[in-house]
Amino acid sequence: MKFGGTSVQDAAAISRTIEIVNGRRNQKMRPVVVVSAMARVTDQLLAAARAAVENDLPKALLIAGVLRNRHIENAAVLVGRKLTLLIQTLDKLFDQLENVLTGIAAVGELTPRTSDLVVSFGERLSSLIVAQALEHRGISSVHVDARNCIITDTHFGKATPLVEETDAAVIEHVLSVVDANAVAVLGGFIASTRNGITTTLGRGGSDYSAALIGGALNAHAIEIWTDVNGVMTTDPRICPNALRLRAISFEEASELAYFGAKVLHPATILPAVKKNIPVWVLNSHNAANEGTVITATATTSSSPLKSIAVKRHLIILQIISRRLLVSHRFLRAVFEVFDRYDCSVNMVATSEISLSVTLDAVEHLEAIREDLAKIAIVEEEEDKSLICLVGEKMREQPGIAARAFSAIRGTNLQMISQGANGISMSFIVNDAVVEQTVRSLHAEFFSDPDPILFDVSAQSPAQEAILLPA
């Protein structure tokens, strides 16, 4: 059971989380709990690190002090007679954090390794509080440092787990807790190298942590508890009549996640697929809702589409060969540049001597342009959005493209792509028209939803179903 930042953001949210965990225990299940940092804490820790490296140590320590007070105040509401001991532990962690910030200010440098150490405090603090809060409610629990369980390489900021070593470590540190009928509580997102150096799995990595742990334990299910009722037919902030999906396949969910539907971290899918473990997306603010289940195969339905994903604020690079290189050499040269800067491409369109690609706003964009300019003429267009239609039925039913283009006739489409796996179709539009385009597509494909697949009992209120990072 993974609980996101809004599910542990304060004492009231943690109390709801404990009720949900206890409900699973009452159903004779043996939960393992993975928690994110309290809401907004990771951003505040990063802000403190930036202040320290900019030689504003007082600001960095002020942020740390505000976080110290917030955690202690919430712990005081949740923990009874053991509060003094818990505060001592929390104070020790905050003292360590302040020492790290002081060190950053002293050397004037913030490396990815040090940044990982700073942000790790969020999950280390929240998991300690949740474990003690469970104990206070009479639920036997054990805090397990996730850095002893998730073993990774040294790619700080977005480390890759070493699966075999992680599986062995999870069995060693977590299984004995489960066998003792206690709840193991771990922080998500954080990990360590073989040498015990703190790493992180990247933003959204708490989902990945839960899936890795669930896979290692051969769990009955992996539950992602957030503040949405499940996977939706589109972003309800754009389309208030968006519907909740009852079920979706692993392949469809991964496609949606990659193309902008931020209900879950894309890598969450991988450990679950290997072990054929269902993943549930559930709402900790509305625990009675049945959510969405993600399984290996798609549910049979008359609907050709499952959802419409949106990725905004993209950049199109038009890359035209200067030397008229033959196609394969030109493509290789271009993608070597993207690989050099660890830059992912969302969509590609090619001709013999030219290439169009879409990118998220990337840290090294200027350097990428400079390197590409050595082999090509590079033109840039900003403020673009990618719209992706996803559904396994798309590969079986002809005419989907015709329906889509008819629904948005008059809209200027700049790039069009049919997914190689046959379950998605994407196109690029200007940011200014993306919302109207999505609403038109949603009306076309979801005006008569199949109740087997979609929850048609009531429209989900937008405030309960906003798609946020997991």
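Residues numbered from 1 in each chain as written. Predicted model: local features only at pLDDT ≥ 70, side-chain atom pairs only at ≥ 80, totals over all residues. Heavy atoms only, no water.

A. Representation of the sheet that holds strand β17 (residues 415-418) in the model. Spatial ordering of the open sheet is given by β14-β15-β13-β16-β18-β17, a layout of six strands whose pairing is antiparallel. Each end of this open sheet is capped by a strand with a single partner; those strands are β14 (347-350) and β17. Each adjacent strand pair in this sheet contributes to an overall mean axis angle of 25 degrees, direction not counted. The pairing of strand β16 (residues 376-390) with strand β18 (residues 424-430) spans seven bridges and is classified as antiparallel. Each bridged residue has a counterpart across the sheet, and for V390 the counterpart in β18 is S424. (Pairing = 2+ DSSP bridges. Helix = DSSP H or I, 4+ residues; strand = E, 2+ residues; numbered from the N terminus. Axes fitted to C-alpha atoms, helices over the stretch in contact; angles between N-to-C directions.)

B. Highlighting unusual backbone geometry. Non-glycine residue N276 carries a positive phi angle of around 55 degrees. Along the chain, N276 turns up in the loop between α9 (269-275) and β11 (279-283).

C. Examining the confidence of the model for the chain more closely. When pLDDT is averaged along the chain, the result is 91; 95% of the residues meet or exceed 70. Counting contacts from residues 460-470, a segment whose pLDDT is below 50, to residues more than four positions away or on other chains yields 38 contacts. (pLDDT = per-residue confidence, 0-100. Contact = heavy atoms within 4.5 Å.)

D. Inspection of helix α13 (residues 434-445) at higher detail. Along its 12 residues, α13 runs 17 Å from first to last C-alpha, staying within 8% of the 16 Å computed at 1.5 Å per residue. Taken as a whole, α13 has its buried residues at V434, T437, V438, L441, H442 and F445. Projection of α13 onto a plane perpendicular to its axis shows the buried side chains occupying an angular sector of 135 degrees, all on one side. Looking at the buried positions of α13, the neighbouring elements they touch are β13 (307-321), β16, α12 (400-407) and β18. (Expected span 1.5 Å × (residues − 1). Buried < 20%, exposed > 50% of the residue type's maximum accessible area, 1.4 Å probe, protein only. Arc of directions from axis to C-beta.)

E. Quick look at the pairing of β17. Sheet analysis places β17 next to β18, joined by four bridges and oriented antiparallel. When the bridges of β18 are listed, M415 appears paired with I428.

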